[in-house]
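# Coordinate inspection notes
The residues making up each chain are set out below.
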Amino acid sequence: MSMLTPPGMGGQYRITGDKYPRMRPPRRRGRLVAAAVASVAVLGLIGWGTLQLIDVFDGGDNPTVAGHAADCRTKAEPAPAAQVKVLPKPGRITVNVFNATKRTGLAKKTADELRKRGFRIGSVGNAAKDYDQKVKGTGLLLGSPAAQDSSLRVLGTQLAGAPVRADGRKGADLDLIIGDGFKGLTRQAAADQALTSLTAPGQPAVTKKGC
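- Looking at an unreviewed UniProt entry, the chain carries the name LytR/CpsA/Psr regulator C-terminal domain-containing protein, with the source organism given as Streptomyces echinatus.

What follows is the structure, given as structure tokens:
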């Protein structure tokens, strides 16, 4: 009789052998637990990713992200207005018009046109011997050294391409000497645009790297 057979039992109830059933948890319960854990992990990842997207587009509470977004928004903002040099108005500039060519009537005609454009007119006539028939270009603009970066620049918008020179004069008057290549003053629309560019130049936009 086997050691596993209780006393008093035998025959068909006799237990033989040395093996016995082992207790183990059902496999289905383990699978359910694993599936639940995996679902929670996936939902957590989805929620974390959604929060990150919101912070990127919104700036969130992260000062680094918010500051970066603010920097990118300033990329297209214009630069602060630079100080513009104040130039005299045409009405405060007196121009003497002299004809250095053989063609008659140019000094008066040019002076009348400058007057219409707002300039004051001083002397009108033929050029002095130092310049008579010696100016080969469109003309020559003369003034004091102090006028080089002020009133002469304004007058220069009316006769594009004319060289500018300083002489020893003490007064503020300017000379416009008409040369052999003169065909008329710069068209008024172009002259006005050039004058506007002198007094109110455009400002470039700010460009920030790293956005």
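### Focus: the pattern of salt bridges
- Evaluated as defined, the whole model comprises seven salt bridges.
- The residue Arg153 makes a salt bridge to Asp149 at a minimum N-O spacing of 3.2 Å.
- The partner of Asp175 in a salt bridge is Arg169, with the nearest N and O atoms 2.7 Å apart.
- Linked by salt bridges that have partners in common, Lys108, Asp112 and Arg115 make up one network.

### Some points on the pairing of strand 1 (residues 94-99)
- Most of strand 1 sits inside the fold, with six of its six residues counted as buried.
- Burial along strand 1 is two-sided: the residues Thr94, Asn96 and Phe98 and Val95, Val97 and Asn99 are all buried.
- Strand direction decides the pairing type here: strand 1 and strand 2 (residues 120-126), joined by five bridges, are parallel. Counterpart to Asn99 in the pairing with strand 2 is Asn126.
- With five bridges connecting them, strand 1 and strand 5 (residues 174-178) associate as parallel partners. For Asn96, the partnering residue across the bridge sits in strand 5 and is Asp175.

### Some thoughts on the side chain of Ser144
- In this fold, Ser144 is placed in the loop between strand 3 (139-143) and helix 4 (151-156).
- Residue Ser144 is classed as buried on the basis of its relative accessible area, which comes to 8%.
- If sequence neighbours within four positions are ignored, Ser144 has contacts with Ala166, Asp167, Arg169 and Gly171.

### Comments concerning the sheet that holds strand 1
- Taking strand neighbours across the sheet as the criterion, the five strands line up as 2-1-5-3-4 in an open arrangement whose pairing is mixed. Each end of this open sheet is capped by a strand with a single partner; those strands are strand 2 and strand 4 (164-166). Taking each pair of neighbouring strands and ignoring which way they run, the sheet shows an average axis angle of 20 degrees.
- Of the strands in this sheet, strand 1, strand 2 and strand 5 touch helix 3 (residues 106-116), which is tilted by about 155 degrees from strand 1.

Rules and cut-offs
Residues numbered from 1 in each chain as written. Predicted model: local features only at pLDDT ≥ 70, side-chain atom pairs only at ≥ 80, totals over all residues. Heavy atoms only, no water. Salt bridge = Lys/Arg side-chain N within 4 Å of Asp/Glu carboxyl O. Buried < 20%, exposed > 50% of the residue type's maximum accessible area, 1.4 Å probe, protein only. Helix = DSSP H or I, 4+ residues; strand = E, 2+ residues; numbered from the N terminus. Pairing = 2+ DSSP bridges. Contact = heavy atoms within 4.5 Å. Axes fitted to C-alpha atoms, helices over the stretch in contact; angles between N-to-C directions.

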